[in-house]
Amino acid sequence: MKILKHVMNNLSFSRTTGNWHIQDPASQRLTWNKPPKSVLVIKKIRDASLLQPFKELCVYLTEENNMIVYVEKKVLEDPAIANDENFGPVKKKFCTFREDYDDISNQIDFIICLGGDGTLLYASSLFQGSVPPVMAFHLGSLGFLTPFNFENFQSQVTQVIEGNAALVLRSRLKVKVVKEHREKMTVQNGIEENGVVSTNIEKEVGKQVMQYQVLNEVVVDRGPSSYLSNVDVFLDGHLITTVQGDGVIVSTPTGSTAYAAAAGASMIHPNVPAIMITPICPHSLSFRPIVVPAGVELKIMLSPDARNTAWVSFDGRKRQEICHGDSISITTSCYPLPSICFRDPVSDWFESLAECLHWNVRKKQNNFAVEEEEF
């Protein structure tokens, strides 16, 4: 697995001293085997404030750097872009794609995001395998995962193209959802062969399997039901606990500063190989969030005693219902997301904690007043 290779590459053993040494995260650098030629530009949809930065960036990439620019088709359907005659010659050079229809995974050298943290999550969802390096500009509301300011974008993009940048490999979760396939059928006249009146019949005809790559978190919750969620959590095949509450969050270190932080979990640096399990409003005074090794496999299922179904979402998307017999398997993916740093992984993280979350902001305590000596 690539992620495990990355972890092992960060360790070295000295025969002279007999000590293990851990590689400095700041030493991870972006290197190109050959100069990048294609770039995917992701822009937050329906945000008029991003139109001008988007146009300036695309002009710079196509005309100054002669790069192939990929954009999503619905971005160009914005009237402000479609009706801009001056931008027409640049638009003709674009390569367009549609989400869930076109596979561009092997055509992109790196990604530029314009917007907030959601644009980075969206970029992750487009690549279910290997992800190109991502450069994220802070043009949204929070910007915890978007360290670049747009004012000096030309020099910053040039540094990335030249390979002069630090990287942080943000681990993702590989999620497999297995559902008992229930096919709803409407019986003609509402009457079955045995004479029982029924309009909707659920027939189990095999299993349905879906897979997702998740950057932030998998959230299992009670959905619209007024009852507690009641789900069993297994680790490497062993039942470790039953969650009775509003739900449970399984997150990456990157996701530890998102929903998990709001639910009371610790914040973990993205270089730490781990998976977090955080309950949502548990009906227990002793259910604390825990951190487990990145290599384990988690499995979540409805408890046999559950009064209602549960709902699951992946980075806030693809929300779906989980019924009895369905299962959610989660482990660390071998395809991390390479995020380009403004400075280095450690400095960027602590700056985001301070600027976005105001971590440990407090008025400083005054020192004792020095009493004057009496003569």
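Everything discussed here concerns the structure shown above.
The model shown is predicted, which means the values in this text are computed figures rather than measured ones.

A separate point is unusual backbone geometry. Keep in mind that most residues, glycine aside, have a negative phi and that most peptide bonds are trans. A positive phi is found at Asn-66, a non-glycine position, where the angle reads about 55°. Relative to the elements of secondary structure, Asn-66 occurs in the loop between α2 (51-64) and β4 (68-72). Under the relative-accessibility criterion, Asn-66 is labelled exposed at 65%. In this structure, Asp-315 is a non-glycine residue whose phi angle is positive, near 55°. Looking at where Asp-315 falls in the secondary structure, it is placed in the loop between β18 (310-314) and β19 (317-322). Looking at Asp-315, the relative accessible area reads 13%, which means it is buried.

Applying the stated criterion to the full structure yields eight salt bridges. Of the charged contacts, one joins Glu-99 and Arg-317 as a salt bridge, the two residues approaching to 2.9 Å between their closest N and O atoms. Remark: Arg-317 occurs in strand β19 and Glu-99 occurs in the loop between β5 (95-97) and β6 (110-115); sequence separation between them is 218 residues. Take Glu-99: its relative accessible area is 17%, and that puts it in the buried class.

Ordered in space as β16-β15-β14-β11-β18-β19, the six strands form an open sheet in which the pairing is antiparallel. Strand pairing shows two members of the sheet lacking a second neighbour, β16 (290-293) and β19, which therefore form its edges. Sheet twist, expressed as the average angle between the axes of neighbouring strands with direction ignored, equals 20°. Direction of pairing for β18 relative to β19: antiparallel, over a ladder of four bridges. Within the sheet, the bridge partner assigned to Ala-310 lies in β19 and is Ile-322.

Here the focus is empty space enclosed by the protein. Scanning all chains against the criterion turns up one cavity of 30 Å³ or more. Its boundaries defined by the atoms lining it, the largest cavity holds a volume of some 120 Å³. Residue composition of the lining of the largest cavity, by class: nine nonpolar, three polar and three charged.

Moving on: the pairing of strand β12 (residues 229-235). Counting buried positions along β12 yields six of seven residues, so the element is predominantly enclosed. As paired strands, β12 and strand β13 (residues 238-245) are joined by seven bridges and run antiparallel to one another. Across the sheet, residue Val-231 finds its bridge partner in β13, namely Val-243.

Another aspect to go through is the environment of Phe-234. When you line up the elements, Phe-234 lands in strand β12. Separated by 67 residues in the primary sequence, Phe-234 and Met-301 place their C-alpha atoms 8.4 Å from one another. When sequence neighbours within four positions are dropped, the list of residues in contact with Phe-234 reads Leu-239, Ile-240, Glu-297, Leu-298, Lys-299 and Met-301.

Among the nonpolar cores identified, the biggest contains 32 residues, and Phe-54, Leu-57, Leu-61, Phe-94, Ile-112, Phe-137 and Val-157 are the most heavily contacted of them. Contributing elements (two or more residues each) for this core: β3 (38-43), α2, β4, α3 (73-76), β6, β7 (134-138) and α7 (153-161). Beyond its immediate sequence surroundings of up to four residues, Phe-54 is in contact with Val-41, Lys-43, Val-71, Val-75, Ile-81, Phe-87, Phe-94 and Leu-114. Tyr-212, Val-250, Ile-275 and Leu-302 belong to the second-largest nonpolar core, a separate cluster that totals 29 residues.

Scoring rules and cut-offs
- Residues numbered from 1 in each chain as written.
- Predicted model: local features only at pLDDT ≥ 70, side-chain atom pairs only at ≥ 80, totals over all residues.
- Heavy atoms only, no water.
- Helix = DSSP H or I, 4+ residues; strand = E, 2+ residues; numbered from the N terminus.
- Buried < 20%, exposed > 50% of the residue type's maximum accessible area, 1.4 Å probe, protein only.
- Salt bridge = Lys/Arg side-chain N within 4 Å of Asp/Glu carboxyl O.
- Pairing = 2+ DSSP bridges.
- Axes fitted to C-alpha atoms, helices over the stretch in contact; angles between N-to-C directions.
- 1 Å grid on protein atoms, 1.4 Å probe; cavity = no way out; pocket = protein on both sides within 12 Å on 5 of 7 lines; lining within 4 Å.
- Points joined across faces, edges and corners; volume = space filled by probe spheres on them.
- Nonpolar A, V, L, I, M, F, W, Y, C, P; charged D, E, K, R; others polar.
- Contact = heavy atoms within 4.5 Å.
- Core = buried A, V, L, I, M, F, W, Y, C linked by side-chain atoms within 4.5 Å.

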